[in-house]
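Chain and residue survey
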Amino acid sequence: QKEVEQDPGPLSVPEGAIVSLNCTYSNSAFQYFMWYRQYSRKGPELLMYTYSSGNKEDGRFTAQVDKSSKYISLFIRDSQPSDSATYLCAMSSISSGSARQLTFGSGTQLTVLP
Amino acid sequence: GAGVSQSPSNKVTEKGKDVELRCDPISGHTALYWYRQRLGQGLEFLIYFQGNSAPDKSGLPSDRFSAERTGESVSTLTIQRTQQEDSAVYLCASSLISNSGNTIYFGEGSWLTVV
């Protein structure tokens, strides 16, 4: 079993829809959770970074963490065609120290249709 | 440069040949990472450099893989005697200090195809 599971999709939604992307994990030591967006043939870029259980909002994006269920989500409101990308979750068990400690999900490919 | 620069952006090589992939990190970034991303899969850590410390090579999949970095500048990832399973995108990233991901910046990757 992988430490981090993420549905690879592909996920296709109409413009304006609410998108829900999810990851589950098995390592209870994970404390820090990130979402990266990766456009086709580009490197990943950091979207959201969260620590505690609960919600964190940034514009149209909301990251949700449920440590008791070992489940994290990224919600995208009013989705746009420019949101079409692969979304990777990542998590780590330490706050400082190298990013070598990051464990990535396999990514969910999202397409927002105009 | 403004971002992490990688070259070549694309490389097609014959099985058994050696390849070198180059990464030029953001100026001043002391930490540099190499990841591998196979099609449809997440990022797989390969190697980490931090300043003048000994690199963390724990992610290198075999002794055919090696990497060097001179000081806090350019890094080269070398794959010897390439195999078809080496086909992937090789991503380099850099950051100011060791951290959990807040300020890690990725390059656009070197897309390697072994035929």
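Please read these numbers as outputs of a predicted model, since none were measured by experiment. (Residues numbered from 1 in each chain as written. Chains lettered and ligands numbered in written order. Predicted model: local features only at pLDDT ≥ 70, side-chain atom pairs only at ≥ 80, totals over all residues. Heavy atoms only, no water.)

**Observations regarding the sheet that holds strand β1 (residues 4–6) of chain A**
All names here are of chain A. The strand order across the open sheet formed by five strands is β1-β3-β8-β7-β6, and the pairing between neighbours is antiparallel. Looking at the sheet topology across the chains shown, the edges are occupied by β1 and β6 (54–58). On average, each strand axis in the sheet is tilted by 20° relative to the strand beside it, whichever way the strands run. As judged from the six bridges shared by strand β3 (residues 19–25) and strand β8 (residues 71–76), these two strands associate in the antiparallel manner. Paired with Asn 22 across the two strands is Ser 73, which belongs to β8. (Pairing = 2+ DSSP bridges. Helix = DSSP H or I, 4+ residues; strand = E, 2+ residues; numbered from the N terminus. Axes fitted to C-alpha atoms, helices over the stretch in contact; angles between N-to-C directions.)

**Considerations on the state of the cysteines**
A complete count under the given rule lists two disulfides over all chains for this structure. Here A:Cys23 connects covalently by a disulfide to A:Cys89, the sulfurs 2.0 Å from one another. Residues A:Cys23 and A:Cys89 are joined through a disulfide that is left-handed, its torsion about the S-S bond being -100°. Placement of the pair is A:Cys23 in strand β3 and A:Cys89 in strand β9 (residues 85–92), with a sequence separation of 66 residues. Here B:Cys23 connects covalently by a disulfide to B:Cys92, the sulfurs 1.9 Å from one another. Looking along the S-S bond of the B:Cys23-B:Cys92 disulfide, the torsion reads about -70°, which is the left-handed sense. Of this pair, B:Cys23 sits in strand β3 (residues 19–24) while B:Cys92 sits in strand β8 (residues 88–95), and the two are 69 residues apart along the sequence. Taken individually, B:Cys23 and B:Cys92 each receive the classification buried, so the pair is uniform in this respect. (Disulfide = S-S within 2.5 Å. Buried < 20%, exposed > 50% of the residue type's maximum accessible area, 1.4 Å probe, protein only.)

**So, the side chain of B:Thr78**
Residue and element names in this part refer to chain B. Note on placement: Thr 78 falls in strand β7 (residues 75–79). Exposure remark for Thr 78: the relative accessible area of 17% places this residue in the buried category. Dropping the residues within four chain positions of it, Thr 78 is found in contact with Val 19, Glu 20, Arg 64, Phe 65 and Ser 66. (Contact = heavy atoms within 4.5 Å.)

**Thoughts on the pattern of salt bridges**
All names here are of chain A. Summed over the entire model, instances satisfying the criterion amount to six salt bridges over all chains. In this structure, Asp 83 engages Arg 60 in a salt bridge whose closest nitrogen and oxygen atoms are separated by 2.8 Å. Note that Asp 83 is positioned in the loop between β8 and β9 and Arg 60 in the loop between β6 and β7 (61–66), a separation of 23 residues in sequence. For Asp 83, a relative accessible area of 1% gives the class buried. (Salt bridge = Lys/Arg side-chain N within 4 Å of Asp/Glu carboxyl O.)

**A word on the packing of aromatic side chains**
Counting across every chain of the model gives eleven aromatic pairs over all chains. On the basis of an interplanar angle of 25° and a centroid distance of 5.0 Å, the ring pair of B:Tyr33 and B:Tyr48 is categorised as stacked. Of this pair, B:Tyr33 sits in strand β4 (residues 31–37) while B:Tyr48 is found in strand β5 (residues 43–50), placing the two residues 15 residues apart along the sequence. As far as the burial class goes, B:Tyr33 and B:Tyr48 line up, both buried. Among the aromatic residues, those joined into a ring-pair cluster are A:Tyr36, A:Phe104, B:Tyr33, B:Tyr35, B:Phe45, B:Tyr48 and B:Phe106. Looking at A:Arg41, its charged tip hangs above the ring of B:Trp111, at a distance of 4.2 Å from the centre. When the ring centre of A:Tyr51 is taken as origin, the NZ or CZ atom of A:Lys67, which lies over that ring, is 4.5 Å away. (Phe/Tyr/Trp six-rings, centres within 6.5 Å; stacked < 30°, edge-to-face > 60°. Lys NZ or Arg CZ within 6 Å of the ring centre and 35° of its normal.)

**Remarks on the layout of surface pockets**
Left-over empty space is what a probe sized like a water molecule reveals as it rolls over the atoms. Of the volumes computed, that of the largest pocket is approximately 520 Å³. Taken together, 23 residues line the largest pocket, and the ones lying closest to its centre are A:Thr86, B:Gln37, B:Leu39, B:Gly40 and B:Trp111. Elements represented by at least two residues in the lining of the largest pocket include exactly β9 and β11 (108–113) of chain A together with β8 and β10 (110–114) of chain B. Along the lines of polarity and charge, the residues of the lining of the largest pocket split into nine nonpolar, twelve polar and two charged. Taken as a whole, the second largest pocket holds about 400 Å³ of empty space. Looking at the second largest pocket, it is lined by 22 residues, and the ones nearest its centre are A:Thr103, A:Phe104, B:Gly42, B:Leu43 and B:Glu44. Elements with a minimum of two residues in the lining of the second largest pocket: β10 (103–104) of chain A together with β4 and β5 of chain B. (1 Å grid on protein atoms, 1.4 Å probe; cavity = no way out; pocket = protein on both sides within 12 Å on 5 of 7 lines; lining within 4 Å. Points joined across faces, edges and corners; volume = space filled by probe spheres on them. Nonpolar A, V, L, I, M, F, W, Y, C, P; charged D, E, K, R; others polar.)

**What about the sheet that holds β7(B)?**
Residues and elements named next belong to chain B. Across the sheet, four strands lie side by side as β1-β3-β7-β6; this open sheet has antiparallel pairing. Looking at which strands have only one partner, the edges of the open sheet turn out to be β1 (5–7) and β6 (65–69). Each strand of the sheet is rotated relative to its neighbour by a mean of 15°, with strand direction disregarded. Bridge count between β3 and β7: five bridges; the pairing is antiparallel. Of the residues in β7, the one forming a bridge with Cys 23 is Ser 75.

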